[in-house]
Amino acid sequence: MTFGREYSEESKPTSFCSVCGAKILLKSIFCFECGPPDLPKTESEEIGISLEQAVVRIAGLMFLFVCVALVKFDVFTDDFVSLTDKDREVQSSIDGKKIQDDGFELIHTVLPSSANVHSKPSLDGHVIAIVKKGMNLTLIEKKGDWTKVRVFQKIGWIASGLIKSEVQSVK
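Residues numbered from 1 in each chain as written. Predicted model: local features only at pLDDT ≥ 70, side-chain atom pairs only at ≥ 80, totals over all residues. Heavy atoms only, no water.

Draft legend 1. Looking closely at the overall build of the chain. A count of helical and extended segments in the chain gives four helices and nine strands. Secondary structure elements in the chain, listed N-terminal to C-terminal, are α-β-β-α-α-α-β-β-β-β-β-β-β. Out of the 171 residues belonging to the chain, those deemed buried represent 18%. Accessible surface computed for the chain: about 14,000 Å², of which carbon and sulfur atoms make up 58%. (Helix = DSSP H or I, 4+ residues; strand = E, 2+ residues; numbered from the N terminus. Buried < 20%, exposed > 50% of the residue type's maximum accessible area, 1.4 Å probe, protein only. Areas by Shrake-Rupley, 256 points an atom, 1.4 Å probe, with all protein chains shown as cover.)

Draft legend 2. Spotlight on the nonpolar core. Counting eleven residues, the largest nonpolar core is built from Val110, Ala115, Val117, Ala129, Val131, Leu137, Leu139, Val149, Val151, Ile158 and Ile163. Secondary structure elements with two or more residues in this core: strand S4 (114-118), strand S5 (127-132), strand S6 (136-143) and strand S7 (146-151). With residues up to four places along the chain from it excluded, the contact list for Ala129 reads Ala115, Asn116, Val117, Val151 and Phe152. (Core = buried A, V, L, I, M, F, W, Y, C linked by side-chain atoms within 4.5 Å. Contact = heavy atoms within 4.5 Å.)

Draft legend 3. Structural detail: helix H3 (residues 51-72). With 22 residues, H3 should reach 32 Å at 1.5 Å per residue; the first-to-last C-alpha distance of 31 Å fits that figure. Within H3, only zero of the 22 residues are buried, which leaves it mostly out in the open. (Expected span 1.5 Å × (residues − 1).)

Draft legend 4. How the structure looks around the side chain of His118. Within the secondary structure layout, His118 lies in strand S4. By relative accessible area, His118 is classed as buried at 7%.

Draft legend 5. Layout of a nonpolar patch on the surface. On the surface, Leu61, Leu64 and Val68 cluster together to form a nonpolar patch covering roughly 300 Å² of accessible area. Within the secondary structure, Leu64 sits in helix H3. (Patch = residues over 30% accessible without salt bridge, like charges linked within 9 Å, V, L, I, M, F, W, Y side chains within 5 Å. Salt bridge = Lys/Arg side-chain N within 4 Å of Asp/Glu carboxyl O.)

Draft legend 6. Fine view of the confidence of the model for the chain. Of all residues in the chain, 71% attain a pLDDT of 70 or more, and the chain-wide mean is 76. Per-element averaging of pLDDT across the chain places helix H4 (residues 85-95) at the bottom with 50 and H3 at the top with 92. (pLDDT = per-residue confidence, 0-100.)

Draft legend 7. A look at the environment of Thr138. With respect to the helices, strands and loops of the structure, Thr138 is situated in strand S6. For Thr138, a relative accessible area of 24% translates into the label partly exposed. Expressed as a C-alpha distance, the spacing of Thr138 and Arg150, which sit twelve residues apart in the sequence, is 5.1 Å. Once residues lying within four places of it in the same chain are set aside, the contact partners of Thr138 are Lys148, Val149 and Arg150.

This is how it looks when you write it as structure tokens:
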């Protein structure tokens, strides 16, 4: 059984352009009437972000990191805010046990068996007094890891970790 030319041409698959309806030749990729298709539009995720957006995001992350670090390391804003003289007086009376309310008092006690009181808030300061475990101190101010205290009619600095502050009832 032989087939003629007409049958073989008609049995070949043909396709038509979806835009203009023209017949597309076999083994061709696109319609010659319409031309090649346009490339797909790029999505915003593929392009990335602008420089301004990157700077804003980085600044936001840095701010968040600093806030978390301040909370984690227990840094208070008192160290960053300048107090007036009146505010300092109130703060020193709160720190130093001058305020007695409802029969309670804030007591500051030395923790180790002995501790040095320095002339300045540094280990480089001269030792002006040595305090023993259990002695009560009068606090004047705090500066970082150091606390200014009054002991033996002298004023000096002691490492804050060497003293314990607690509320006791006044009898």
